[in-house]
Amino acid sequence: EKKALTMKFNLAVFLSCAALSSAHVRSRPIKETVTLHDEDGSFWNRILQYPGASMPTAAPTAAPVPRPSFAPTPAMAPLAPTPIGDDLTTYQIITEKLNPPNVWLPRLVDSIDGAALLNNPDFIHTLFAPTDNAFIATLGEDYLQDLLGSEWSAHTSCLLFNHIVETFIDPTSDWTEAQELTSLNEQLTLGVNPPSVNGVALSDPMDVSAVNGIVHSLGASPLLSDCVTKNIFELSLENADFSTLRQLVLIAGLGDGLTNTRPLTLFAPTNEAFKKLPNEVLDFLLENPMELQAVLKYHTLGQNLLLSNDASAGVYETLEGSTFEVTVDSAGAFSVNGNSMVDPDAQNTLAMNGVIQVIDTVLIPPGFAVPTAAPVLPATSAPVAATPAPVVPATPAPVAPDTPAPVVPA
């Protein structure tokens, strides 16, 4: 029953990001392009000659972009059989008993309907409770306010699930050596002398017992994940499969937009997707930054879009101004404008300013076309009027004088 409740809660959180909002990519000034071409037509040489581009530094064997897991972890046996002494739940403790009182933690929990989980007496757990100062110092009040919205529920869940371990941990008896534990989101490292988790020292109060677990305060920082610390552009730097996309974003001057604007969903073409483009199309985009901007913005939505079920299908307006259609088949596979997407395990990567969806085809906006060069006609010279040859007056042949015929004697 406890696992079923946890699974239901995680699924409800994961499916809750559907609100539509708008955002505009802030771009840097367009740099002048260079029109030289390499002679051998090398894919990378054609890209590297343009301002803003540089050789990718990501290792060829770089791991895929990390993404949070929303599946509940298996039940873990308590590190030691410590009795639970209070008659309050962990939710009641963070809302009623902590001193100084916390405001942001209860508000974030409430925003994802987490009270049901933390009030469940059968869900035995340890809750690491960041103080208000810890939240504000690391994430800022503006971003925390965003996390309260339904569109950010997956990000909020990713953050909060880091702080819940499905076992009871008492520092006085269980915290005797460094060890690894699994939260509802990812691995945690417990340290000793002083007690800490992921390098963040526990602060007072650090062992408030509850009827369903125990609460430890974190005064310096929450337990952070990429989902709330790294933006879309930063995550692209860590994935070697996005090296071409990253170069084109820099050439188009959209790096600042993918770094600072939220919310965004980027349908990110892989390197192989760009290699499918005809050379003349890629060359045209490299030589025309405004056209390149339009194509890249056609891959970007001004909202957080998680692909999870039939409700995710629909027609979406892009930052380029046109729309594309997301469809899902009977097997649950998604397509964009009829183009199938990459392995579902590569989808729904959370960044602090939005979501990355991976696609293996470059999306072309409606009406886009590479201009066709006008045919070159052979040069023709103006007609030249014929010049008549000079007329030379005829010279009469000399006439011999008349000579009388000789008279022959009879």
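Here we summarise the structure given alongside this text.

**Focus: the overall build of the protein**
- Tallying secondary structure elements over the protein gives 15 helices and 15 strands in all.
- The buried share of the protein, taken over its 410 residues, is 47%.
- The contacts of the protein with a sequence gap of at least 6 include a subset with a gap of at least 24, amounting to 72%.
- As displayed, the protein has an accessible area near 20,100 Å², and 57% of this comes from carbon and sulfur atoms.

**Re the state of the cysteines**
- Taken as a whole, this structure holds one disulfide when the rule is applied.
- Each sulfur in the disulfide pair Cys158 and Cys227 lies 2.0 Å from the other. Taking the torsion about the sulfur-sulfur bond, which here is approximately -90°, the covalent link between Cys158 and Cys227 counts as left-handed. One end of the pair, Cys158, is in helix H8 (residues 153–161); the other, Cys227, is in helix H9 (residues 226–229), and 69 residues separate them in sequence.

**Thoughts on the sheet that holds strand S4 (residues 187–191)**
- Taken in spatial order, the seven strands line up as S2-S1-S7-S6-S5-S4-S3 in an open sheet, and their pairing is mixed. Looking at which strands have only one partner, the edges of the open sheet turn out to be strand S2 (164–165) and strand S3 (179–182).
- As judged from the two bridges shared by strand S5 (residues 196–197) and strand S6 (residues 200–210), these two strands associate in the antiparallel manner. Along S6, the bridge assignment pairs Ser196 with Ala201.

**Quick look at the sheet that holds strand S12 (residues 334–336)**
- Within the open sheet, the four strands sit side by side as S10-S11-S12-S13. Their pairing is antiparallel. Unpaired on one side and paired on the other, strand S10 (314–317) and strand S13 (339–340) mark the two borders of the sheet.
- Relative to S12, strand S11 (residues 323–328) runs antiparallel, the two sharing three bridges. In the strand pairing of S12, Val328 is matched with Phe334.

**Structural notes on the nonpolar core**
- Counting 38 residues, the largest nonpolar core has Ile94, Phe135, Leu139 and Leu147 as its most contacted members.
- By residue number, the principal contributor to this core is H8, which donates five residues.
- Setting aside its immediate chain neighbours within four residues, Phe135 contacts Trp104, Leu105, Leu108, Pro130, Gly140, Leu144, Leu159 and Pro222.
- Counting 30 residues, the second-largest nonpolar core is a separate cluster that includes Leu245, Leu266, Leu286 and Ala351.

**Regarding the environment of Lys275**
- Among the structural elements, Lys275 can be located in helix H13 (residues 271–275).
- Taking the relative accessible area as the measure of exposure, Lys275 reaches 47% and is therefore partly exposed.
- Through-space distance from the C-alpha of Lys275 to that of Asp360 is 9.9 Å; in sequence the pair is 85 residues apart.

**Here's the deal with the side chain of Ser322**
- Mapping Ser322 onto the fold places it in the loop between S10 and S11.
- Residue classification places Ser322 among the buried residues on the basis of a relative accessible area of 17%.
- At a separation of 2.7 Å, a polar atom in the side chain of Ser322 contacts the side chain of Glu320.
- Contacts of Ser322, omitting those with residues within four sequence positions, involve Tyr298, Tyr316, Glu317 and Pro366.

**A closer look at helix H4 (residues 104–111)**
- Taken together, the buried positions of H4 are occupied by Trp104, Leu105, Pro106, Leu108 and Val109.
- Elements that come into contact with the buried residues of H4 comprise helix H3 (90–97), helix H5 (115–118), strand S1 (125–130), helix H6 (132–139), helix H7 (141–147) and H8.
- Directly beyond the C-terminal end of H4, a positive phi value near 55° is found at Asp113.

**Examining the environment of Ser153**
- On the secondary structure map, Ser153 appears in helix H8.
- Along the sequence, Ser153 and Ser111 sit 42 residues apart, while their C-alpha atoms lie 7.3 Å from each other.
- For Ser153, the side chain forms a polar contact with the main-chain oxygen of Ser150, separated by 3.0 Å.

**Points about the packing of helix H11 (residues 243–252) against helix H15 (residues 289–297)**
- Running from N to C, H11 and H15 cross one another at 130°; their axes reach a closest spacing of 9 Å. On the basis of their axis angle, the class for H11 and H15 is oblique. For the pair H11 and H15, the sense of crossing is left-handed. Here Leu245, Leu248, Val249, Ile251 and Ala252 of H11 come into contact with H15, specifically with Leu292, Gln293 and Leu296.
- Taken together, the residues that form the contact of H11 with H15 break down as seven nonpolar, one polar and no charged.

**Regarding the pattern of salt bridges**
- Across all of its chains, the model carries three salt bridges by this definition.
- Across the pair Arg262 and Asp146 runs a salt bridge, and its minimum N-O distance is 2.5 Å. One end of the pair, Arg262, is in the loop between helix H12 (255–260) and strand S8 (264–269); the other, Asp146, is in helix H7, and 116 residues separate them in sequence.
- Taking relative accessible area as the criterion, Asp146 reaches 26% and is therefore assigned partly exposed.
- Glu238 is the partner of Lys230 in a salt bridge, and the nearest nitrogen-oxygen pair spans 2.4 Å.
- Exposure remark for Glu238: the relative accessible area of 29% places this residue in the partly exposed category.

Thresholds, definitions, all that
Residues numbered from 1 in each chain as written. Predicted model: local features only at pLDDT ≥ 70, side-chain atom pairs only at ≥ 80, totals over all residues. Heavy atoms only, no water. Helix = DSSP H or I, 4+ residues; strand = E, 2+ residues; numbered from the N terminus. Buried < 20%, exposed > 50% of the residue type's maximum accessible area, 1.4 Å probe, protein only. Contact = heavy atoms within 4.5 Å. Areas by Shrake-Rupley, 256 points an atom, 1.4 Å probe, with all protein chains shown as cover. Disulfide = S-S within 2.5 Å. Pairing = 2+ DSSP bridges. Core = buried A, V, L, I, M, F, W, Y, C linked by side-chain atoms within 4.5 Å. Polar contact = N/O pair within 3.5 Å; in protein donor to acceptor, adjacent residues only side chain to side chain. Axes fitted to C-alpha atoms, helices over the stretch in contact; angles between N-to-C directions. Parallel < 35°, antiparallel > 145°, perpendicular 65-115°, else oblique. Left-handed = near helix turned anticlockwise from the far one by under 90°. Nonpolar A, V, L, I, M, F, W, Y, C, P; charged D, E, K, R; others polar. Salt bridge = Lys/Arg side-chain N within 4 Å of Asp/Glu carboxyl O.

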